[in-house]
Amino acid sequence: SAVISQKPSRDICQRGTSLTIQCQVDSQVTMMFWYRQQPGQSLTLIATANQGSEATYESGFVIDKFPISRPNLTFSTLTVSNMSPEDSSIYLCSVEAAGVFFTDTQYFGPGTRLTVL
Amino acid sequence: SQQGEEDPQALSIQEGENATMNCSYKTSINNLQWYRQNSGRGLVHLILIRSNEREKHSGRLRVTLDTSKKSSSLLITASRAADTASYFCATGRASGSRLTFGEGTQLTVNP
């Protein structure tokens, strides 16, 4: 399994500001994913981040609002830009276990709980 | 839109009873995974079942998969108060692909 940490664990931000969330994995992984979980709801994929290429965004999510970096095989950041109260959510990164063959199992970080006032 | 639908949305049982949660999906899949989430925290991976498998066990957990009906079930036997959490199913359409999550079942186990 992969051990994943996220920073910050929670934050309260003002409208119009930006927050960068960090995701660190204890092993090299090819694929990293960023999800959003709005209050009382399920998880929705924001984007897939592979090292060495641009992130691939899902419908309804754009790079200007959620820029992502993936500088190496163990780290990624997600920025929530120009925040509004509607961005209040839990943001989670996940990875698929590394290896020659895909294991398919995806592990999740502890999440970042964001509140926008 | 979410591919998966889970029922029930909420389930309340007594400690020691069994809990069964169901998940349905719409498209063909490569694998289906079950997760637990405690109080809005991170997701804990419980079990993965592949499309060519029909049943898997892990401790008190039993997962079945019926690809003809596009459905899966998670059974927790001899439930404990610590099992109180939200349970999500998630489907992967291909090896290494993103997951699509169901709406989740909130399980409450009363001591």
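## Looking at the interface of chain A and chain B
For step 1, the next point in the chain: Each partner contributes to the interface: chain A provides 23 residues, whereas chain B provides 24 residues.
For step 2, the next point in the chain: Carbon and sulfur atoms supply 47% of the area that chain A and chain B bury against each other, a total of about 1,600 Å² over both sides.
For step 3, the next point in the chain: It is Ser42(A), Asp104(A) and Phe108(A) that lose the most area in chain A upon contact with chain B, and together they represent 31% of the buried surface on that side.
For step 4, the next point in the chain: Counting across the interface, chain A meets chain B through one salt bridge.
For step 5, the next point in the chain: In this structure, Glu58(A) and Arg98(B) form a salt bridge, with 2.8 Å as the shortest nitrogen-oxygen distance.
For step 6, the next point in the chain: At the boundary of chain A and chain B, one finds seven residue pairs in polar contact (both at pLDDT 80 or more).

## Quick look at the confidence of the model for chain B
For step 1, the next point in the chain: When the pLDDT values of chain B are averaged, the result is 91; 96% of them are 70 or greater.
For step 2, the next point in the chain: Of all secondary-structure elements in chain B, the lowest mean pLDDT belongs to strand β1 (residues 5-7) of chain B, at 78, while strand β7 (residues 61-66) of chain B reaches the highest, 97.

## Section: the layout of surface pockets
For step 1, the next point in the chain: Roughly 310 Å³ of volume is contained in the largest pocket.
For step 2, the next point in the chain: Among the elements of the structure, β9 (89-96) and β11 (112-116) of chain A together with β9 (85-92) and β11 (105-110) of chain B are those that each provide at least two residues to the lining of the largest pocket.
For step 3, the next point in the chain: Broken down by element, the lining of the largest pocket gets its largest block of residues, three residues, from β11(A).
For step 4, the next point in the chain: Partitioning the lining of the largest pocket into residue classes produces four nonpolar, 15 polar and two charged.
For step 5, the next point in the chain: Computed from the structure, the second largest pocket encloses a volume of approximately 240 Å³.

## Topic: the packing of aromatic side chains
For step 1, the next point in the chain: The final tally for this structure, using the stated rule, is eight aromatic pairs over all chains.
For step 2, the next point in the chain: Summarising the aromatic geometry, the rings of Tyr35(A) and Phe108(A) are spaced 5.4 Å apart at their centres and angled 50 degrees between planes, so their arrangement reads as tilted. Residue Tyr35(A) is found in strand β4 (residues 31-37), and its partner Phe108(A) is found in strand β10 (residues 106-108); the two are separated by 73 residues along the sequence. Each member of the pair Tyr35(A) and Phe108(A) is classed as buried.
For step 3, the next point in the chain: Among the aromatic residues, ring-to-ring pairing joins Tyr35(A), Phe108(A), Tyr35(B), Phe88(B) and Phe101(B) into one connected group.

## Overview of the pairing of strand β3 (residues 19-25) of chain A
Residue and element names in this part refer to chain A.
For step 1, the next point in the chain: Every second residue of β3 is oriented toward a common face, the buried set being Leu19, Ile21, Cys23 and Val25 and the non-buried set Thr20, Gln22 and Gln24.
For step 2, the next point in the chain: For strand β1 (residues 4-7) and β3, the ladder comprises four bridges, and the chain directions are antiparallel. Looking across to β3, one finds that Lys7 is bridged to Gln22.
For step 3, the next point in the chain: Relative to strand β8 (residues 75-80), β3 runs antiparallel, the two sharing six bridges. When the sheet's bridge partners are listed, Cys23 is paired in β8 with Ser76.

## Regarding the sheet that holds β1(B)
Residues and elements named next belong to chain B.
For step 1, the next point in the chain: With antiparallel pairing, the five strands of this open sheet are ordered in space as β1-β3-β8-β7-β6. Strands with a single pairing partner mark the edges of an open sheet, and in this sheet they are β1 and β6 (55-58). Going across the sheet, the axis of each strand differs from the next one's by a mean of 15 degrees, ignoring polarity.
For step 2, the next point in the chain: One ladder, built from six bridges, connects β7 with strand β8 (residues 71-76); its direction is antiparallel. Across the sheet, Leu65 pairs through a bridge with Ser72, a residue of β8.

Calculation rules
Residues numbered from 1 in each chain as written. Chains lettered and ligands numbered in written order. Predicted model: local features only at pLDDT ≥ 70, side-chain atom pairs only at ≥ 80, totals over all residues. Heavy atoms only, no water. Contact = heavy atoms within 4.5 Å. Buried area = accessible area lost by both parts, 1.4 Å probe. Salt bridge = Lys/Arg side-chain N within 4 Å of Asp/Glu carboxyl O. Polar contact = N/O pair within 3.5 Å; in protein donor to acceptor, adjacent residues only side chain to side chain. pLDDT = per-residue confidence, 0-100. Helix = DSSP H or I, 4+ residues; strand = E, 2+ residues; numbered from the N terminus. 1 Å grid on protein atoms, 1.4 Å probe; cavity = no way out; pocket = protein on both sides within 12 Å on 5 of 7 lines; lining within 4 Å. Points joined across faces, edges and corners; volume = space filled by probe spheres on them. Nonpolar A, V, L, I, M, F, W, Y, C, P; charged D, E, K, R; others polar. Phe/Tyr/Trp six-rings, centres within 6.5 Å; stacked < 30°, edge-to-face > 60°. Buried < 20%, exposed > 50% of the residue type's maximum accessible area, 1.4 Å probe, protein only. Pairing = 2+ DSSP bridges. Axes fitted to C-alpha atoms, helices over the stretch in contact; angles between N-to-C directions.

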